[in-house]
Amino acid sequence: WLRTKGEPKDVTRKLFAHVVPDVVEALGTGRRCAKCYVTVESSMDFAATMKQIEEAAGEGWSVRQIKQLLPGGTTNTCEVQSDRVNKADGLAALCKALSIPPEQVWAFGDDANDARMLQ
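### Section: the overall build of the protein chain
No. 1: Assigned secondary structure in the protein chain consists of 5 helices and 5 strands.
No. 2: Sequence-ordered secondary structure for the protein chain, helices as α and strands as β, is β-β-α-α-β-α-β-β-α-α.
No. 3: Taken as a whole, the protein chain presents about 9,000 Å² of accessible surface, with 54% of it coming from carbon and sulfur.

Encoded structure:
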């Protein structure tokens with residue numbers, strides 16, 4: 001649903017603004033990001049592919065398979081997320097910057113990486 005005749009739709013460009021053709025190369029350059037999604041459509045052994053991504057990402061990064069990122073399923077896709085960036089710290093910093101007591105804030109999450117924020 002994100003492509004028309006092989007070309008990305010406008011919604012694709014909005015959701016995924018930065019397409020990196022070679023994530024291993026990008027990670028090797030020190031490129032900074034908090035989270036990215038990696039799809040390797042051609043992988044015949046995605047567990048082995050994820051292992052290679054973990055090795056390329058190195059320490060301080062978590063890699064986990066994503067089975068339902070988009071409607072209709074998502075084959076051979078994983079999430080690469082920095083262990084140093086999280087929603088809990090971001091929300092705390094926002095509360096401090098806006099002088100809002102954290103006990104007056106509601107937070108919602110639907111995944112394991114939201115657990116710390118919800119405590």
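### Some details on helix α3 (residues 46-57)
No. 1: The terminal C-alpha atoms of α3 lie 16 Å apart, and with 12 residues this matches the ideal 16 Å at 1.5 Å per residue to within 8%.
No. 2: Residue G58 follows α3 closely and has a positive phi angle near 80°.

### Remarks on the side chain of D114
No. 1: With respect to the element layout, D114 can be found in the loop between α4 (87-97) and α5 (115-118).
No. 2: A polar atom in the side chain of D114 sits 2.6 Å from the side chain of K87.
No. 3: With sequence-adjacent residues up to four places away left out, D114 is seen in contact with K87 and G109.

### Focus on a nonpolar patch on the surface
No. 1: Where nonpolar side chains cluster on the molecular surface, the patch consists of L94, L98 and I100 and spans about 260 Å² of accessible area.
No. 2: Within the secondary structure, I100 sits in the loop between α4 and α5.
No. 3: Residue class for I100 comes out partly exposed when judged on its relative accessible area of 34%.

### Details of the pattern of salt bridges
No. 1: For the structure on display, the rule yields 4 salt bridges.
No. 2: The partner of E79 in a salt bridge is R64, and the shortest N-O contact between them spans 3.0 Å. With a gap of 15 residues between them, E79 in strand β5 (residues 77-82) and R64 in strand β4 (residues 61-66) connect regions that are remote in the sequence.
No. 3: Here K87 ties to D114 by a salt bridge, and the two come within 2.6 Å at their closest N and O atoms. On the criterion of sequence distance, the pair formed by K87 in helix α4 and D114 in the loop between α4 and α5 is long-range, its members being 27 residues apart.

Basis of the calculations
- Residues numbered from 1 in each chain as written.
- Predicted model: local features only at pLDDT ≥ 70, side-chain atom pairs only at ≥ 80, totals over all residues.
- Heavy atoms only, no water.
- Helix = DSSP H or I, 4+ residues; strand = E, 2+ residues; numbered from the N terminus.
- Areas by Shrake-Rupley, 256 points an atom, 1.4 Å probe, with all protein chains shown as cover.
- Expected span 1.5 Å × (residues − 1).
- Polar contact = N/O pair within 3.5 Å; in protein donor to acceptor, adjacent residues only side chain to side chain.
- Contact = heavy atoms within 4.5 Å.
- Patch = residues over 30% accessible without salt bridge, like charges linked within 9 Å, V, L, I, M, F, W, Y side chains within 5 Å.
- Salt bridge = Lys/Arg side-chain N within 4 Å of Asp/Glu carboxyl O.
- Buried < 20%, exposed > 50% of the residue type's maximum accessible area, 1.4 Å probe, protein only.

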